[in-house]
Amino acid sequence: MGLETLTALELAEKIRQGQVSVLDGVKAVFEQIERKEGTIHAYLDLYKEEAFERAAQVEKGMAEGKYSGPLCGVPIAVKDNICIQGKRTTCGSKILENFVPWYQAEVIERLEKAGMVIIGKTNMDEFAMGSTTETSAFGVTRNPRNTDHVPGGSSGGSCAAVAASEAYLALGSDTGGSIRQPSAFCGVTGIKPTYGTVSRYGLVAYASSLDQIGPVGKDTADCAALLEVISGYDPKDSTSLQREDLCFSQALGGGIEGMRFAVPKEYLTEGLSPEVRSAFMVVLEELVQMGAIVEFISLKTTEFMIPAYYVIASAEASSNLERFDGVKYGFRAREYDGLHDMYKKTRTEGFGEEVKRRIMLGSFVLSSGYYDAYYLKALKARAVMKQEFDRAFEKYDVILAPAAPYTAPRLGESLKDPLAMYLGDIYTVAVNLLGLPAVCLPCGKDKAGLPIGLQMIGDCFMEKKILRAAHAYEKRREAFIRFGSEKKQVVFPEIAKGDAKV
Amino acid sequence: MVKKIDDETMENICILAKLTLSEAEKEKAKEEMQRMLDYVEKLNELDTSGVKPLSHLFPSHNIFREDVITSQDNRDALLGNAPEKKDGQFQVPKTIG
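Values in this document were obtained by computation on a predicted structure and should not be read as measured data.

## Here we look at the overall build of chain B
- For chain B, the helix and strand inventory stands at 3 helices and 2 strands.
- In terms of overall size, chain B is more extended than a compact globule, its C-alpha atoms giving a radius of gyration of 23 Å where 97 residues would be expected to give roughly 13 Å.
- For chain B, the spread of C-alpha atoms along the three principal axes comes to 55 × 45 × 25 Å.
- The 97 residues of chain B split such that 13% are buried.

Right, dumping it as structure tokens:
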């Protein structure tokens, strides 16, 4: 085992101590990429030469005091819907196959100021629409825990890269669970921040009222450190918030005694696989043993989450993706008859099936005569959901949920039935509809050895609470990544057998 | 109200979405959208009378700034991504007959 198995903070500490150089860390991940990438295909583009040059630059900058901070010198991967100046940004789509942005996303500026080294762009579902990374126009990514299975999506490349130690950290984006669900499937940790915490400037838009960029890492501390780097007000994003409580790492280390956790009963229905359910129940027991208060609650709006989400997300997507018309950038169809036909042929040939499906649904729900019945109705449902969650957060610090109803599906099984795939987002979409922060971390494995993820959801701006809880739980759990196997026998505890009050 | 997606509606959706579908694709899309809308119908079971639609999560207002030019002359960079260009401009097919 080489340097690549360290966490990002461990590597950064060794660099600061002078035990290893920035270049050593960069070399270690590229050697790992060499070994793994042929099978995993987490990346769409790699910047090996630039990363080596950048390593020397960071080394020098650290000596001169230009770069400091906890993640200085750490290599990082970036999801391919985040613009890096002068680097191809495809969003996993043929329509942007050759798009090279001339501007820099705000998060990229922040990574550079923090002295981090960008090593490449990761694979994703086309325009972040999908749950498996199989809708990418550039091939599938395999789950490093079991290569017959998908890594989840849409940030599947980012999560697979971290899980395979092909990156210490990665940036993902989360519109309906796209950081949390693949984190769960790959056995890594990911955070979806409160809406407005991380600038969306330079993130190619899918659904603007739901999109947030967030960190993917090997553990909670790494993710908290990266979130600190990328958070902050940006005048270039009109939905960016001026927050002052951005020292997320400070929240780690505290206990959770007396902390109040709520478990929505509606999350434990028959759709949940028995293995995920029992792993989740073990978590509840653990939290109780750690001194937390765990209670069941009812969230009656749960069954309306998926319909509301897909109406709103598709509506926003149809509007945002209107810009891909073959004029200013990207692909243009070769043969066409006039301007309008050029638009249509370009979009028909350039977009994949899932993207077209959502553009069509979105166009319909926004169209004259149906706007009120579908789009406006979904926005009203969203308001009712907010009231219900607000009430829950008056009483509880954290809402607990599985990340997904099942572990990673086999490759090739999910795209046949789009609606069935959408239903898998049941535990993740509320967080986006309501702008809430959530962390997803591993809490077990199924019989096939596939990871199971746990979500801790907080009220808006309460990242510190969920990070404190996640970190405390993580300390209790065996370090998943490091040891690769759960020592604790997953048992079906008493609490799981009925509607017990804990 | 369960909306039936007929050929005319599908045609209209394709116009709005700026997509060309073959007959077989249209049939498949009709079927899939019908299934999705039947499912979305569930939202009508939720009482939303008197509820204001929530499109922005936080109280939002217009963000103003001084009208100062911050961008530079990026013409070449911008045109660099254009599929077709001519004389420093984006080139499109003839638009008026």
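## A closer look at the UniProt feature "active site" (unreviewed entry) in chain A
All names here are of chain A.
- The sites that carry the UniProt feature "active site" (unreviewed entry) are, in the present numbering, Lys-79, Ser-154 and Ser-178. Sequence-wise these annotated residues cover 100 residues; spatially they are packed, their C-alpha atoms never more than 11.1 Å apart.
- Looking at the element boundaries, Lys-79 is found in strand 2 (residues 75–79).
- Those residues in contact with Lys-79 that sit more than four places away from it in its chain are Thr-122, Met-124, Ser-155, Gly-157, Ser-158, Leu-171, Gly-172 and Ser-173.
- Mapped onto the elements, Ser-154 comes out in the loop between strand 3 (117–122) and helix 5 (156–163).
- By the C-beta count within 10 Å, which is 34 here, Ser-154 ends up buried.
- Apart from residues no more than four positions distant in its own chain, Ser-154 is found in contact with Met-124, Asp-125, Ala-128, Met-129, Gly-130, Thr-133 and Ser-178.

## Description of the packing of helix 7 (residues 220–230) of chain A against helix 15 (residues 463–476) of chain A
Residues and elements named next belong to chain A.
- At a minimum axis distance of 9 Å, the contact between helix 7 and helix 15 shows a crossing angle of 155°. As judged from the angle between their axes, helix 7 and helix 15 are roughly antiparallel. Counting all contacts with helix 7, which are made through Thr-220, Ala-221 and Ala-224, the residues of helix 15 involved are Leu-467, Ala-470, His-471 and Glu-474.

## Considerations on the sheet that holds strand 4 (residues 169–174) of chain A
All names here are of chain A.
- The strand order across the open sheet built from 11 strands is 1-3-2-4-6-5-10-11-9-7-8, with neighbouring strands paired in mixed fashion. One side of each edge strand has no neighbouring strand; the edge strands of this open sheet are strand 1 (43–46) and strand 8 (293–297). Along the sheet, successive strands turn relative to each other by an average axial angle of 30°, direction set aside.
- For strand 9 (residues 398–402) and strand 11 (residues 451–457), the ladder comprises 4 bridges, and the chain directions are antiparallel. By the bridge assignment for strand 11, Pro-402 is matched with Leu-454.
- Its contacts with the sheet put helix 3 (residues 48–64) on strand 1, strand 2 and strand 3, and the angle it makes with strand 3 is roughly 155°.

## Some thoughts on the interface of chain B and chain A
- Listed per partner, the contact involves 41 residues of chain B and 53 residues of chain A.
- Broken down by secondary-structure element, the contributors of at least two residues to the side of chain B that touches chain A are helix 1 (7–17), helix 2 (23–40) and helix 3 (75–79) of chain B.
- Here the side of chain B that touches chain A gets 7 residues from one element, more than from any other, and that element is helix 2 of chain B.
- Along the lines of polarity and charge, the residues of the side of chain B that touches chain A split into 25 nonpolar, 8 polar and 8 charged.

## Describing the UniProt feature "domain: Amidase" (unreviewed entry) in chain A
- Cross-referencing UniProt, the feature "domain: Amidase" (unreviewed entry) maps to residues 26–467 of chain A in the present numbering.
- Here residues 26–467 of chain A is 37% helix and 14% strand, with 28 Å between the C-alpha atoms at its ends.

## Things to note about the pairing of strand 4 of chain A
All names here are of chain A.
- Counting buried positions along strand 4 gives 6 out of 6 residues, so the element sits mostly inside the fold.
- Both faces of strand 4 are covered, namely the face carrying Leu-169, Leu-171 and Ser-173 and the face carrying Ala-170, Gly-172 and Asp-174.
- In this structure, strand 2 lies alongside strand 4, joined through 3 bridges in parallel fashion. Across the sheet, residue Ile-76 finds its bridge partner in strand 4, namely Leu-169.

## Considering the confidence of the model for chain B
- Predicted confidence across chain B gives a mean pLDDT of 90, with 97% of residues reaching 70 or more.
- Reported for the predicted complex are a pTM of 0.95 and an ipTM of 0.95.

## What to know about the environment of A:Ala225
Residue and element names in this part refer to chain A.
- Relative to the elements of secondary structure, Ala-225 occurs in helix 7.
- Taking the C-beta count within 10 Å as the criterion, Ala-225 has 24 such neighbours and is therefore assigned buried.
- Separated by 118 residues in sequence, Ala-225 and Tyr-343 place their C-alpha atoms 44 Å apart.
- Leaving out residues up to four positions away in the same chain, Ala-225 has contacts with Ala-8, Leu-9, Pro-70, Leu-71 and Ser-249.

## Notes on helix 9 (residues 305–320) of chain A
- With 16 residues, helix 9 of chain A extends 22 Å between its outermost C-alpha atoms, agreeing within 8% with the 22 Å of an ideal straight helix rising 1.5 Å per residue.
- Burial analysis of helix 9 of chain A places 14 of its 16 residues in the buried class, which makes it a mostly covered element.

## Here's the deal with unusual backbone geometry
Residue and element names in this part refer to chain A.
- The step from Gly-153 to Ser-154 runs through a cis peptide bond, and the omega angle for that step is 10°.
- Of note, Ala-128 is a non-glycine position whose phi angle comes to about 65°, a positive value.
- One can find Ala-128 in the loop between strand 3 and helix 5.
- Not every positive phi belongs to a glycine, and Phe-461 is a case in point at roughly 70°.
- As for its position among the elements, Phe-461 is in the loop between strand 11 and helix 15.

## Examining the confidence of the model for chain A
- Per-residue confidence for chain A gives a mean pLDDT of 94; residues scoring 70 or more make up 95%.
- Low pLDDT (under 50) marks residues 479–502 of chain A, which in the prediction has 37 contacts with non-local residues, meaning those over four places away or in another chain.

So, how was this worked out
Residues numbered from 1 in each chain as written. Chains lettered and ligands numbered in written order. Predicted model: local features only at pLDDT ≥ 70, side-chain atom pairs only at ≥ 80, totals over all residues. Helix = DSSP H or I, 4+ residues; strand = E, 2+ residues; numbered from the N terminus. Rg over C-alpha atoms; globule rule 2.2 N^0.38 Å. Buried ≥ 20, exposed ≤ 12 C-beta atoms within 10 Å, placed from the backbone. UniProt positions renumbered as here; feature names shortened; annotations may be inferred. Contact = placed C-beta atoms within 7 Å. Axes fitted to C-alpha atoms, helices over the stretch in contact; angles between N-to-C directions. Parallel < 35°, antiparallel > 145°, perpendicular 65-115°, else oblique. Pairing = 2+ DSSP bridges. Nonpolar A, V, L, I, M, F, W, Y, C, P; charged D, E, K, R; others polar. pLDDT = per-residue confidence, 0-100. Expected span 1.5 Å × (residues − 1).

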